[in-house]
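Now for the letters of each chain:
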Amino acid sequence: AAAAETEVRLLLQEARESIEAARSYRRELRQRLRGLHQAREQIKESATLTRDVLEQHFSDLKGTLKKLLDERLMSLLQEVDVIEQESIKPLDECQKLIEHGVSTADDLLREGESAVNGDVGTQNEKLCNFTKKALHIQLDSLPEVPSLVDVPCLSAQLDDCLLTILKNQIFRHGTVASRPPVQLEEFVEKPGGILVRWCKVDDDFIPQDYRLQYRKSTASHFEDVYVGSETEFIVLHIDPNVDYQFRVCARGDGRQEWSPWSVPQIGRTTLVPHEWTTGLEGYSLSSRRNIALRNDSQSCGVLYSKAPTYFCGQTLTFRQTVGQPDRRDSLGVCVEQRNGYDSLQRDKAVCISTNGAVFVNGKEMTNQLPAVTSGSTVTFDMEVVQLGPCSNEGGNFKLRVTISSNNREVVFDWVLDQCCGSLYFGCSFSYPGWKVLVF
């Protein structure tokens, strides 16, 4: 009985395992069916879009071609009109001269016949007058009429090879591709932006430039956001928690036309954009408050972020236009806002000076970075390394900080006496002309 019960339990276990395997198999099959459905929809949607693009392109092409042919025809007809008018004008003048001579000859004939057939008493005088007039008219002088070989004979020279050339060009115009040579690879959330990465998927394709476009999911048209040789780009001014569609294409080495677009993909960011605090007298801000300009005001102080929007695990980037440097200048992050300071070179802050010096809690480190240059970027990366218990009441807390500038970096540990889930960023400049973009 015990053996039979054990066998039953084993059979039940095997049955349950088979049922679970069947469920897993069914889930996998349904997932594959969804994948097939998505693939079918992608083929249909891309085919519909391709048909629309082709029809619109060739419709525009036909309209443009008809317009060009009409313009050329009008030009040639005007040329015929000009040649006709210029060629007939001297013939009209010659015709008027001949018609005038015929009229004069008619008058002279009538007068001569009247003189010959007139009365004997007046005949002598009439004959004398007629003879003088005839001599004056110069009856032996005739206007010259051009021969037919000397006048224009218009004709149209139409080269039939144009049709052959157009036919060959039209039959080679346009291609239909089923696999774009580049595809979107990764989206990385950034504060108020998205880092988009793409890759080449056609080994035979040699790219020269890439072209990235995006649009809001509610928009109807894509717009260019990047053209260049890099395979990643940070798209800024992205509204948080809003879907955006991205697509990328490439241009082959030595070619002018772009490749087909990649499959559009959706990206979004949940991170609010970094913003500077408004109202500090020494700084002017852009409309999006992500660019700060040190103005001519004599007021000096630290410009902080509007909120502690920098989180460990992210990369904080400053890009600047330089002005006159000062040893008290600073770019960095801090635990809290503190008014009354003219620099981040203080406690509970890490920063880099514009001359490349690195400060941790107000103390200058031995390691130094290159001086900040116009257009260069300074980045801060941090990861948490906890030392002992951490609670809301505080505790030992260590952040591993990496500061990079001009292809060099320094790495150090920043020990704090409290947990910091998020940090402020800030800057300070003594002289005007400095401009800082944060993202």
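These numbers were taken from a predicted model, which means no experiment stands behind them.

A. The arrangement of the overall build of the chain in detail. Along its length, the chain carries three helices and 20 strands. A globule of 439 residues ought to have a C-alpha radius of gyration of about 22 Å, yet the chain, at 45 Å, is considerably larger. Seen along its three principal axes, the alpha-carbon backbone of the chain occupies a region of about 165 × 90 × 35 Å. The buried share among the 439 residues of the chain stands at 28%. Accessible surface, the chain as shown: approximately 28800 Å² in total, 52% of it carbon and sulfur.

B. Region of interest: the domain arrangement of the chain. Segmentation of the chain into domains returns domain 1 (1–172), domain 2 (182–269) and domain 3 (283–438). One C-alpha centre belongs to domain 2, the other to domain 3; they are set 31 Å apart.

C. Seen up close, the UniProt feature "domain: Fibronectin type-III" (unreviewed entry) in the chain. Here, the residues flagged by UniProt with the feature "domain: Fibronectin type-III" (unreviewed entry) are residues 180–273. Across residues 180–273 one finds 0% helix and 53% strand; the C-alpha atoms that close the span lie 33 Å apart.

D. Representation of the sheet that holds strand β13 (residues 349–352) within the structure. Across the sheet, which stays open at both edges, the six strands sit in the order β10-β19-β12-β13-β14-β15 with antiparallel pairing between neighbours. The sheet terminates laterally at β10 (303–304) and β15 (363–368), the two strands that pair on one side only. Relative to strand β19 (residues 424–428), strand β12 (residues 330–334) runs antiparallel, the two being bridged by five bridges. The residue of β19 that forms the bridge with S330 is S428.

E. Summary view of the pairing of strand β9 (residues 291–294). By the alternation rule, side chains of β9 split into A292 and R294, which are all buried, and I291 and L293, of which none is buried. Where strand β8 (residues 283–285) and β9 come together, three bridges link them in antiparallel fashion. What sits directly across from L285, in β9, is A292. Linking two consecutive strands that pair antiparallel, namely β8 and β9, is a turn of five residues; a positive phi of about 60° is found at R289 within it. Note: β9 against strand β20 (residues 435–438), three bridges, orientation antiparallel. Bridged to L293 within β20 is K435.

F. Geometry of the sheet that holds strand β18 (residues 408–416). Taken in spatial order, the seven strands line up as β8-β9-β20-β11-β16-β17-β18 in an open sheet, and their pairing is antiparallel. Edge positions in the open sheet fall to β8 and β18, since each of these has one partner strand only. Ignoring strand direction, the axes of neighbouring strands in this sheet form an average angle of 20°.

G. Broad picture of the pattern of salt bridges. Inspection of every chain in the model, using the stated rule, returns 19 salt bridges. Each of the salt bridges in this network shares a partner with another, and the network as a whole consists of E20, R23 and R27.

H. Spotlight on the UniProt feature "coiled-coil region" (unreviewed entry) in the chain. Mapped onto this structure's residue numbering, the UniProt feature "coiled-coil region" (unreviewed entry) falls at residues 12–86. With 100% helix and 0% strand, residues 12–86 has end C-alpha atoms that lie 109 Å from one another.

I. Looking closely at the packing of aromatic side chains. Following the criterion strictly, the structure yields 11 aromatic pairs and no others. Taking the centre distance of 5.3 Å and the plane angle of 45° together, the rings of F187 and F246 count as tilted. Taken as a pair, F187 in strand β1 (residues 182–190) and F246 in strand β6 (residues 244–252) lie far apart in primary sequence, 59 residues in all. Judged by relative accessible area, F187 falls into the partly exposed class, the value being 25%. Given a relative accessible area of 0%, F246 falls into the buried group. Just above the ring of F222 sits the side chain of R247; from NZ or CZ to the centre is 4.1 Å. Here the basic side chain of R346 rests over the ring of Y341, its NZ or CZ set 5.5 Å away from the ring centre.

J. Here's a closer look at the environment of I238. The residue I238 is located in the loop between β5 (232–236) and β6 in this model. According to the relative accessible area criterion, I238 is buried, its value standing at 2%. Placed 55 residues apart in sequence, I238 and Q183 show a C-alpha to C-alpha distance of 21 Å. Beyond its immediate stretch of four places on either side in the chain, I238 contacts G192, G193, I194, Y214, Y244 and T269.

K. Structural detail: unusual backbone geometry. Despite not being glycine, K348 shows a phi value in the positive range, around 60°. Along the chain, K348 turns up in the loop between β12 and β13. Its identity is not glycine, yet N407 carries a phi of approximately 65°, on the positive side. Its location among the elements puts N407 in the loop between β17 (397–405) and β18. Owing to a relative accessible area of 86%, N407 belongs among the exposed residues under this scheme.

Rules of the game
Residues numbered from 1 in each chain as written. Predicted model: local features only at pLDDT ≥ 70, side-chain atom pairs only at ≥ 80, totals over all residues. Heavy atoms only, no water. Helix = DSSP H or I, 4+ residues; strand = E, 2+ residues; numbered from the N terminus. Rg over C-alpha atoms; globule rule 2.2 N^0.38 Å. Buried < 20%, exposed > 50% of the residue type's maximum accessible area, 1.4 Å probe, protein only. Areas by Shrake-Rupley, 256 points an atom, 1.4 Å probe, with all protein chains shown as cover. Domains from an automatic or database assignment. UniProt positions renumbered as here; feature names shortened; annotations may be inferred. Pairing = 2+ DSSP bridges. Axes fitted to C-alpha atoms, helices over the stretch in contact; angles between N-to-C directions. Salt bridge = Lys/Arg side-chain N within 4 Å of Asp/Glu carboxyl O. Phe/Tyr/Trp six-rings, centres within 6.5 Å; stacked < 30°, edge-to-face > 60°. Lys NZ or Arg CZ within 6 Å of the ring centre and 35° of its normal. Contact = heavy atoms within 4.5 Å.

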